[in-house]
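Take a look at the letters that make up each chain.
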Amino acid sequence: GPFDLVIIPLNGLLHVDAPEGQQHVLAEAARVLRSGGLLAIDVLHAIPDSLTAFDGRVMHEGTWEIDGGVIAKFSSRTVDWTNQLIAAEVWYDALDGDGALSRHRTAFAMRWVSPAEIALMLTAAGFVDVNLAGGYDGSPLSDMSDRMLVVARKPDAR
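Residues numbered from 1 in each chain as written. Predicted model: local features only at pLDDT ≥ 70, side-chain atom pairs only at ≥ 80, totals over all residues. Heavy atoms only, no water.

Draft legend 1. Seen up close, the overall build of the protein. Looking only at helices and strands, the protein has 3 helices and 8 strands in total. Going from the N terminus to the C terminus, the protein shows its helices and strands as β-α-β-α-β-β-β-β-α-β-β. For the protein, long-range pairs separated by at least 24 residues make up 56% of all intrachain contacts whose partners lie at least 6 apart in sequence. As displayed, the protein offers around 9200 Å² of accessible surface, 57% of which is attributable to carbon and sulfur atoms. Side chains of the protein carry 12 positive and 21 negative charges; the gap between the two charge centres is 7 Å. (Helix = DSSP H or I, 4+ residues; strand = E, 2+ residues; numbered from the N terminus. Contact = heavy atoms within 4.5 Å. Areas by Shrake-Rupley, 256 points an atom, 1.4 Å probe, with all protein chains shown as cover. Lys, Arg positive; Asp, Glu negative; His and termini not counted. Charge placed at Lys NZ, Arg CZ, Asp CG, Glu CD.)

What follows is the structure in structure tokens.
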């Protein structure tokens, strides 16, 4: 560094499952950015309608043909409302070209942040000009947005 841009994509910040850890990530982003540099964050916009769907049911998320085989993804998610946590268990079933089936499992927690909370965390980390959008096209954040795209700037050195 220093860098002109730091990007935390695809719920990366949410995989840090404690508020102190998330704050540390944002402070480190500020540390490595040059004056005037930008931080871009892409996270789940955790609206109640989307979170209530995480009721522990096993969901099929998709099937893909890869290298002559087939991969199917399944997941189960539950919500801890008090601690703002989503507990996820994900399975990938792989069927190779010879018909052999294997299963790969992973489990993790994600801690969601509200728009007000992430704005406050960014301000505490020293960022200014915090902008929240509801889509990759820059559309306004709303109750219907399933993503929250955040851009903030490290202030110019004085």
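Now that the structure has been shown, the text picks up again.
Draft legend 2. Quick look at the pairing of strand β8 (residues 147–153). Across the 7 residues of β8, 5 count as buried, placing the element largely inside the fold. Of the strand pairs in this sheet, strand β7 (residues 128–133) and β8 are connected by 4 bridges, and their pairing is antiparallel. Paired with Val128 across the strands is Arg153, a residue of β8. (Buried < 20%, exposed > 50% of the residue type's maximum accessible area, 1.4 Å probe, protein only. Pairing = 2+ DSSP bridges.)

Draft legend 3. Representation of the side chain of Asp42 in the model. For Asp42, the position within the fold is in strand β2 (residues 33–44). Looking at Asp42, the relative accessible area reads 7%, which means it is buried. Polar side-chain contacts of Asp42 include one of 3.4 Å to the backbone nitrogen of Leu10. At a separation of 2.8 Å, a polar atom in the side chain of Asp42 contacts the side chain of Arg147. Every residue in contact with Asp42, bar those within four places of it in the chain, is listed here: Ile8, Pro9, Leu10, Asn11, Gly12, Tyr136, Arg147, Met148 and Leu149. (Polar contact = N/O pair within 3.5 Å; in protein donor to acceptor, adjacent residues only side chain to side chain.)

Draft legend 4. Inspection of the environment of Asp49 at higher detail. Structurally, Asp49 is set in helix α2 (residues 48–52). Here Asp49 falls in the exposed class, since its relative accessible area comes to 65%. Sequence separation between Asp49 and Asn83 is 34 residues; the distance between their C-alpha atoms is 18 Å.

Draft legend 5. View of the sheet that holds β8. In space, the 4 strands of this open sheet follow the order β1-β2-β8-β7, with mixed pairing throughout. In the strand order of this sheet, the two ends are held by β1 (3–8) and β7, each with one partner. Strand-to-strand, the axes of this sheet are offset by a mean angle of 10 degrees, without reference to chain direction. Along the sheet face, helix α1 (residues 19–32) touches β1 and β2 and points at about 150 degrees away from the line of β2. Against the sheet, helix α3 (residues 115–124) contacts β2, β7 and β8, and its axis sits at roughly 20 degrees relative to β8. (Axes fitted to C-alpha atoms, helices over the stretch in contact; angles between N-to-C directions.)

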